[in-house]
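Report on the structure
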Amino acid sequence: MKWIIQHLFAVTLVGAASFGVASAQEQPIKFGLLQDFTAVYTFVSGEYNQGQRDYLTLINQEGGVEGHKFEAIVRDTGNQPQRGIEAYNRAKEEGAILFDFLSTPVSRALVDSVLKDKVVMITPVHGRGDASDGEVFHYVFPTMATYWSQATVLAKYIEDHGGLEGKRIALVHIDSPFGREPLPVLQDLAAEKKFELKAFGYPSPGNEQSAVWSEVRRFRPDSVLIWGAGGGQPVSVREAIRNGIPAENIFSVVWLAETDAKNVGADIMKGVKRFEAVSTGTDTPILQRIKAKVIEPGLGAGDATHVGTSYYNIGVATMAVAVEAARNALKSEGAPLTGEKLKAGFEQIKDFSAEGLMPAITITAKDHQGGGAGRVSQWNGQAWEPVSDWGSAYQELVQKEITKGSQAFKEGK
Amino acid sequence: MFYRIAGVYHTRYDKARALWPVPADRWQITVVVIFALAAPFLLSDLYLGSYALPWLIWSAATLSLTLLMGLAGQLHFGFAAVMAIGAYTSIHLARFGVPFEFALLGAGIASAAIGALFGAAALRVKGLYLVMATLAMQYLVDWVINNVPAISGGAQATLRTPPSSFLLISLESLEVRYYLALAWAVLLAIFFMNVKRTSFGRALVAIRDKDFAAAVIGIDPFRYKLLAFFTSSFVGGVTGALLAFCYYRAVTPEQFGFNVSIQLVAMVLVGGLGSIIGGFLGAGFVLLIPIILTNLVSGLAASGFLTVSSNLLAHLPLMIYGALIIGFLVFEPLGLAKIYDNIRKYFLVWPFRHSRS
Amino acid sequence: MTGLTLSNVEVIYDKVFLAIKGVSLEVAQGDVVALLGANGAGKSTTLKTISGLLGPERGLVTRGEISWEGKNILALGAPERVANGLVHVLEGRRVFGHLTPDENLVAAFRTGGSTGRLNELKEQVYTYFPRLKERYRSKAGYLSGGEQQMLAIGRALMTEPRLIMLDEPSLGLSPLLVEEIFAIIREINSSQGTSVLLVEQNAAAALEIVRHAYLIENGHIVMSGSADILKQNPDVQEFYLGGAGKVNYQDVKHYRRRKRWLA
Amino acid sequence: MMTLATSSSQPVLVCDNVSRWFQGVHALKNVSVSINSGEIFGLVGPNGSGKTTLVNAVTGFYPPQEGSIHFKGEKINGLKPHRIAERGIARTFQNVALFRGMSVLDNILLGRHIYMNPNPLASLFYWWWAKKEENKHRHKVEEVIDLLQLESVRDEHVDTIPLGLQKRVELARALSAEPQLLVLDEPMAGMNQEEKEYMVRFILDAQKALDLSVLIIEHHMDVVTAICDRILVLNNGSRIAEGPALEAIADPQVVEAYLGKARNAA
Amino acid sequence: MSYFIELIINGALTGLMYSLVAIGFVLIYKSAGVPNLAQGAVVMTAAYVVWLLAALGLHIVVAIILGTVLMFGFGLLTERLLLRRMVGQPIIMIVMLTLGLEILLRGIGPGLLGAAPKSIDLGIGLSPIIIGDIFINRAYLVGGVVALALIGAALLFFQTRLGIKLRAVSDDHVSSWAVGISVERAVGISWGIAGMSAVAAGVLWGSVQGVDWTLSTLLFPAVAVAILGGIDSIWGVLIGGLLVGILGSVIPGYLDAIVGGGTRDVVTSLIILLTIMIRPYGILGREDIERI
């Protein structure tokens, strides 16, 4: 009775934060997964976050890392910097040492705070490309291929399968900083490899793109890169196919998943390719263990059918990297963990592939991206099938952009 | 009993027009001001930085907007764009090396100039059409910011505030920023109260109530509508700059998006159109309720009171928030200020039940 | 058969402002009754209470009873009261400005009524107000004040009322038009047997056509009786009819004796 | 200001051949009228005869498309309403046009607008700037409140007071602008005898105390004949009679178009 | 040249697709005087409802019919529970209420049914209709035809006795009550009809882009359509839709390459702005009759 009253009291005091903490004897390692579940990123955040939490549950089920358990602090920020800041400050006060916002505006708003507060922010597959420069962005870790690296991996694939020179490549993108992000790298590449690049922007959120595609068709591209997210992606694929562009020639940024295929029509989308940073499906050992130890006992954080989807697996991989960093940190720096120690742990990650879930990454104090590797996979009607090996491409071009961006950031100080 | 208005006599015109003619109100204000001044010593950094500080700045923004919507009756659904202009102007000026004080002034002027352009629509239409026109303008401003890298700050579209100081005091510490925001909010509140009791405010209200009758007593609707837009955009611009320098410490387009405009209108309405105390209450409500709800819902879920899917969990605050706004409009359209006023009136005439106004 | 009876009705606006304080009145079937009084005395509120239109103005009946043809109608909504034969012609000629006069009439006809009956009623209205027929194509908002008043009355007739309540039909109309409209009201009463409850400022004109009248001041009924008796009352004469003879406006005093409504 | 007028029967307002169309409707046809200083001038006619249109032409709402209007020798047609107000014409409206969100006092204070210098900075620095001005004009306004006996409702909200008082407040607002020409559009519409008498008293008082010229639209013929020096009768937008009140209403055309058989029914 | 023609044709069809959303907005405005800024969210809700019914195993046609009935009920309910209480409030309050409703719906739909995009399959082929060098979008063609049918039905409806009553209600609530029109029912019916039209919009748009919260952003072009055409004019929905669609297709078709960005929404905003500045009541809307 007293317990209930105490807890109710705590709730009404909005001290909801301090909840449940009192009962834990040992402080777990806390990760702040403060993401946008209700606005722009809903297409990914549900499955992504589910994967993250399931992986942490798995680790905890397996006894944690050297006896340390993990706890996820999950809050919705609604993609608003405002709420992101509050959630960040609160989670920080609760002791979180790693943050994943999965929202460009919130991440942007908090870059400075993270650097100042010396806690880790991971921006897997979505964050600003120049944050790969670990010497400027000490505490920011993209940990996976940034959009720049994704563009180069896709370009490399095109080059390997028919060459780039003299070809016409269309970049059809959502008209936002995210959509325009691959442009500089692709332009550099176009100059170097002598292909014709043309960018076509459609207004956000992209549910109507017909005029753009009439134009794209007349450009007669050999390949089309579609650079959007959420509802705009299936529209792009449909419009491309409708305008006579063979599915095989359509390449997408990482944000094209099973739901989109279902949306376009599983058969129609057959042949479309995308970049992937993490393999899909449940064949990998980690996913098998999640199924056995988390999903079957009913500890999963959401709908079991999501296990193994593209976004779910990306979520798993992000946490795999983070836990690996924590393991390194505990080993070399000792408990209790802090943001600084965790950073050191990240920078010790070497050839880590999460048991085959992702390409082997090596993070150094200089390179926080971890190599920028990925691969191209193709929709075969039921699933995504890899059509290339893990690897990175033209990292020197990417590096040029990284340096340019991080220099500008430095000067902004 | 609680408000002793019997025995309060005014022997001079300006006494009768004083801000708080009733002593009990003066006491309340004094207590609130003391609390506000002592806040940095009472609150933890989390509450000071993530609650009190943004609350003050958003209150200032709400007051700026309610000057326009409440007093002058000009609906504005693009006020975030006005604030964005202030924020971007100030940050570019500051990065250029202009002292912060002047950057603030510049922010106000730039916002006022462009804000007055918004007002041009108000000279043609009112009501719903003005809502639509300002919405469209918000969109245009957003588009320009997003598509001109020189404004938005290049590919990443993020501009960080350079280290600055106000009247030689560095803005690095949270307390200083809090006091700056407090000073601005208080200044705006006083300004607003003075506007309400002077000819300027009366002219604005006159135009809101009946523009033709205003014209016939010599008020130029054209001039005063523009002046209303100008003034409110000026203070809105400064508030935008303060938001950037004191709170976000960086500017990105999303901070001033379309939904922020909607939130501002919600703040004005939930607080109560044209009310000062409503400005503070409304800003607090709209700003803090979603945050509190999010924490509350996840707190409940974490302790096992609420067993629902995480997806629903995330959307629950959104639903409650929407329902709360609806509830307010349906049950107390005059907002929090009216609720406060009702309570005050109840005590004013206590122990009697009815008053006439 | 009994017509309309109000007993001891009390109305509060906005939960605080007591607008009428215990009004009782009666309109017998086929009768023509006037409710006279100064501005703000509660005349319009009384009518709105009867027709059920207090809601939009945040008014609430807090006490009393309204019975119509033997039935308490307080619980009914405005449209139900119209269906029961009570209709209210609002002050200020509020016609549907964007509809044509013809559509105005159609709009007021009850849902589900036969087309034959509709045309019959329309014809009847056009007989009373031939001017409306002439202008049946233009928008009602562009009609003159007098025509709008006629349309408002005609529209009310489309509901086949047994009691028609008119709020200030003479407001802002020229003497000639006032006369015309009052004549029609009288005719509607005599030819169709429709009861009439008339709210008027223009006491002199109203007392000419009604049989009974009530005087309302400050939310109280202060006097009632037949039109003839009221016309003779010295207070009524002084305060509502402008004295027995003509007033010399140049010499009107600033201070006046208090009224003593002791009839 | 008050020394200016009085000087015999010099015309204050001269309308010369004023015409106005509304979407093809010829609402005002070549109406000429001149109002002398210190005079109470009545404007009479059936509904839709163009009375309000004429007043709207004078006060600048619907400037005439033809003809000219001169006030104190200066051409005012084409000026915006607020400019005309600044030149000394004040008016009231048929349906009371008070500012409902304000108290009686604030409404009347607004009448002083043309003499004040409202600006946001003055408001900001209230204690050093606006306060002095506010109090100065407050004195003036209190005089008008006194004249029209509005002391008891001074602090009430305008929409809570009876219509009769509202009309008086509107008159007070017009008077506090110290106009030379006061335009009253049906000041007694919807009033009972008692209120009518009050209103007449106040109009006459104000006219004498402030030495005004008055242009009044009114349907109550008893009032018109009692207080107006001269009247103009309009019908269908054109003039059908003009002259001293009793003479003009005796005109058979006026009887036919306007008064009907019961002459003084109202 | 064929590029130009293709832009016009596809633009016109897109515009009609917008009209599908706009017609609900206009219907509610016309009868209740309420600018329903939640109409986008209502369209989203309708799409979720139909998706849910189809996911439960109903044939898509049955799902649409049942969904239409449900959305009619939803419209009635919205009026009953919310708008009825707002009668007589200033427009800003009502606008805000609809925005609150928008937030609520955006929470409920994705919250209960999942935020990831869902698909609705209408069985409309993806291959375009090809005339010479011009490709016409088959799904939009269907949408355009449905839009035309709805507009026609609405036009007929407003000539009926019930329709006239609805128009009377849009003019003046109090006098409508005074002559025995049940304003509540009339407004409720118009919300119901708007809910039904949302099914058409939601299903067609949902089949094109998938069902998720972004459907609610269709409000913006729909408002442009309504404003340009005249906010209370059914014919205006047709003309406004065609114009917004064509301008929003042709201008970006040539301008985007020059500016280097998606200008369609800029065009849409400018349409709203210019309409309001030049002719606030739109091409066919009624000019408010107001006298001093």
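Residues numbered from 1 in each chain as written. Chains lettered and ligands numbered in written order. Predicted model: local features only at pLDDT ≥ 70, side-chain atom pairs only at ≥ 80, totals over all residues. Heavy atoms only, no water.

Before going further, it helps to spend a moment on the overall build of chain E. Check the secondary structure of chain E and you find 11 helices and 2 strands. Its C-alpha atoms give chain E a radius of gyration of 19 Å, near enough to 19 Å, the size a compact globule of 292 residues would have. Long-range contacts, defined as pairs at least 24 residues apart, comprise 76% of the intrachain contacts of chain E with a sequence gap of at least 6. With the model as given, the accessible surface of chain E reaches about 9500 Å², and the carbon-plus-sulfur share is 71%. For chain E, the distance from the average position of its 15 positive side-chain charges to the average position of its 15 negative side-chain charges is 10 Å. (Helix = DSSP H or I, 4+ residues; strand = E, 2+ residues; numbered from the N terminus. Rg over C-alpha atoms; globule rule 2.2 N^0.38 Å. Contact = heavy atoms within 4.5 Å. Areas by Shrake-Rupley, 256 points an atom, 1.4 Å probe, with all protein chains shown as cover. Lys, Arg positive; Asp, Glu negative; His and termini not counted. Charge placed at Lys NZ, Arg CZ, Asp CG, Glu CD.)

Taken together, the 38 residues of chain B in the interface contact 48 residues of chain E. Interface area for chain B against chain E, summed over the two sides, is near 3700 Å², with a carbon-plus-sulfur share of 83%. Across the chain B-chain E interface, the total number found is 5 residue pairs in polar contact (both at pLDDT 80 or more). Put simply, the parts of the chain that give the side of chain B that touches chain E at least two residues each are α5 (100-122), α6 (128-147), α12 (258-271) and α14 (310-331) of chain B. With 13 residues, α14 of chain B is the largest single contributor of residues to the side of chain B that touches chain E. Taken together, the residues of the side of chain B that touches chain E sort by class into 32 nonpolar, 5 polar and 1 charged. (Buried area = accessible area lost by both parts, 1.4 Å probe. Polar contact = N/O pair within 3.5 Å; in protein donor to acceptor, adjacent residues only side chain to side chain. Nonpolar A, V, L, I, M, F, W, Y, C, P; charged D, E, K, R; others polar.)

On to the packing of helix α5 (residues 138-157) of chain E against helix α8 (residues 183-209) of chain E, then. All names here are of chain E. Two numbers describe how α5 lies on α8: the axes approach to 10 Å, and their chain directions differ by 175 degrees. Considering the angle they form, α5 stands roughly antiparallel to α8. Together, Ala139, Tyr140, Val142, Gly143, Val146, Leu150 and Phe157 of α5 and Ile193, Ser197, Ala200, Leu204, Trp205 and Val208 of α8 make up the contact between the two elements. Of the residues contributing to the contact of α5 with α8, the split by class is 11 nonpolar, 2 polar and no charged. (Axes fitted to C-alpha atoms, helices over the stretch in contact; angles between N-to-C directions. Parallel < 35°, antiparallel > 145°, perpendicular 65-115°, else oblique.)

All right, on to the environment of Ala335 of chain A then. All names here are of chain A. With respect to the helices, strands and loops of the structure, Ala335 is situated in the loop between α12 (310-332) and α13 (339-346). For Ala335, a relative accessible area of 45% corresponds to the partly exposed category. C-alpha of Ala335 to C-alpha of Ile29: the two residues are 306 residues apart in sequence and 9.8 Å apart in space. Excluding anything up to four places from it in sequence, Ala335 contacts His68, Leu330 and Lys341. (Buried < 20%, exposed > 50% of the residue type's maximum accessible area, 1.4 Å probe, protein only.)

Inspection of every chain in the model, using the stated rule, returns 34 aromatic pairs over all chains. Ring plane angle 55 degrees and centroid distance 4.8 Å describe the contact between Tyr88 of chain A and Phe99 of chain A, whose orientation is recorded as tilted. Within this pair, whereas Tyr88 of chain A is found in helix α3 (residues 81-94), its partner Phe99 of chain A is found in strand β3 (residues 96-100), the two being separated by 11 residues in sequence. By relative accessible area, which is 0% here, Tyr88 of chain A ends up buried. Residue Phe99 of chain A is classed as buried on the basis of its relative accessible area, which comes to 0%. Centre to centre, the rings of Tyr128 of chain C and Phe129 of chain C are 6.4 Å apart; their planes meet at 55 degrees, and the pair counts as tilted. Exposure class is identical for Tyr128 of chain C and Phe129 of chain C. Each is buried. Within the aromatic cluster, the residues linked to one another by ring pairs are Phe125, Tyr126, Trp127 and Trp128 of chain D. Over the ring of Tyr139 of chain A we find Lys343 of chain A; its NZ or CZ atom is 5.7 Å from the centre of that ring. (Phe/Tyr/Trp six-rings, centres within 6.5 Å; stacked < 30°, edge-to-face > 60°. Lys NZ or Arg CZ within 6 Å of the ring centre and 35° of its normal.)

Here we take up the sheet that holds strand β1 (residues 4-13) of chain C. Residues and elements named next belong to chain C. The strand order across the open sheet built from 4 strands is β2-β1-β4-β5, with neighbouring strands paired in antiparallel fashion. With partners counted over all chains shown, the strands left at the sheet margins are β2 (17-27) and β5 (71-72), one partner each. Relative to β5, strand β4 (residues 59-68) runs antiparallel, the two being bridged by 2 bridges. From the neighbouring strand, Trp68 faces β5, where its bridge partner is Lys71. (Pairing = 2+ DSSP bridges.)

Moving on: the pattern of salt bridges. Throughout the structure, instances matching the rule amount to 63 salt bridges over all chains. One salt bridge connects Glu103 of chain C with Arg167 of chain E, and the closest N-O pair in it is separated by 2.9 Å. Residue Glu103 of chain C is located in helix α3 (residues 101-108), and its partner Arg167 of chain E is located in helix α6 (residues 161-171); the two belong to separate chains. The buried category is assigned to Arg167 of chain E, whose relative accessible area is 13%. For Glu79 of chain E, the salt bridge identified is with Arg84 of chain E, shortest N-O distance 3.1 Å. Look at Glu79 of chain E and you get buried, because its relative accessible area is 4%. Connected via shared salt-bridge partners are Glu62, Arg289, Lys293 and Glu355 of chain A. (Salt bridge = Lys/Arg side-chain N within 4 Å of Asp/Glu carboxyl O.)

What follows covers helix α7 (residues 175-192) of chain C. Residues and elements named next belong to chain C. Taking 1.5 Å as the rise per residue, α7 with 18 residues should run 26 Å; its terminal C-alpha atoms sit 26 Å apart, in good agreement. Every buried residue belonging to α7 is among Pro175, Leu177, Val178, Ile181, Phe182, Ile184, Ile185, Ile188 and Asn189, and all of these are buried. Gly193 occupies a position one or two residues after α7 and carries a positive phi of about 75 degrees. (Expected span 1.5 Å × (residues − 1).)

With that out of the way, let us pick up the side chain of Gln52 of chain A. All names here are of chain A. Summarising the element assignment, Gln52 is placed in helix α2 (residues 42-61). Side-chain polar atoms of Gln52 contact the side chain of Gln35, separated by 3.0 Å. Within polar-contact distance, the side chain of Gln52 engages the side chain of Thr318 at 3.0 Å. Residue contacts for Gln52: discarding those within four places in its chain leaves Leu33, Gln35, Asp100, Gly315, Val316, Thr318 and Met319.

Glancing now at the arrangement of the chains. Chain A shows no contact with chain C. Their nearest C-alpha atoms sit 33 Å apart. Chain D makes no contact with chain A, the minimum C-alpha separation between the two being 31 Å.

Right, let's talk about the pairing of strand β8 (residues 213-217) of chain D for a bit. Residue and element names in this part refer to chain D. Across the 5 residues of β8, 5 count as buried, placing the element largely inside the fold. In β8, alternate side chains face the same way, and those of Ser213, Leu215 and Ile217 on one face and Val214 and Ile216 on the other are all buried. Of the strand pairs in this sheet, strand β3 (residues 40-44) and β8 are connected by 4 bridges, and their pairing is parallel. Bridge assignment links Phe41 to a residue of β8, and that residue is Leu215. Here 5 bridges tie strand β7 (residues 181-185) to β8, and the two strands are oriented parallel to one another. Bridged to Asp185 within β8 is Ile217.

With that settled, the discussion passes to the packing of α5 of chain E against helix α10 (residues 234-259) of chain E. A packed helix pair is summarised by two numbers, namely the angle formed by the two axes and the spacing between the axes. All names here are of chain E. Here α5 crosses α10 at 160 degrees, and the two axes come no closer than 8 Å. Classified by the angle between their axes, α5 and α10 sit roughly antiparallel to one another. In terms of crossing hand, the pair formed by α5 and α10 is left-handed. Residue-level contacts link Leu148, Ile151, Ala154 and Leu155 of α5 to Ile234, Trp235, Val237 and Leu238 of α10. Within the contact of α5 with α10, the residues separate by chemical class into 8 nonpolar, no polar and no charged. (Left-handed = near helix turned anticlockwise from the far one by under 90°.)

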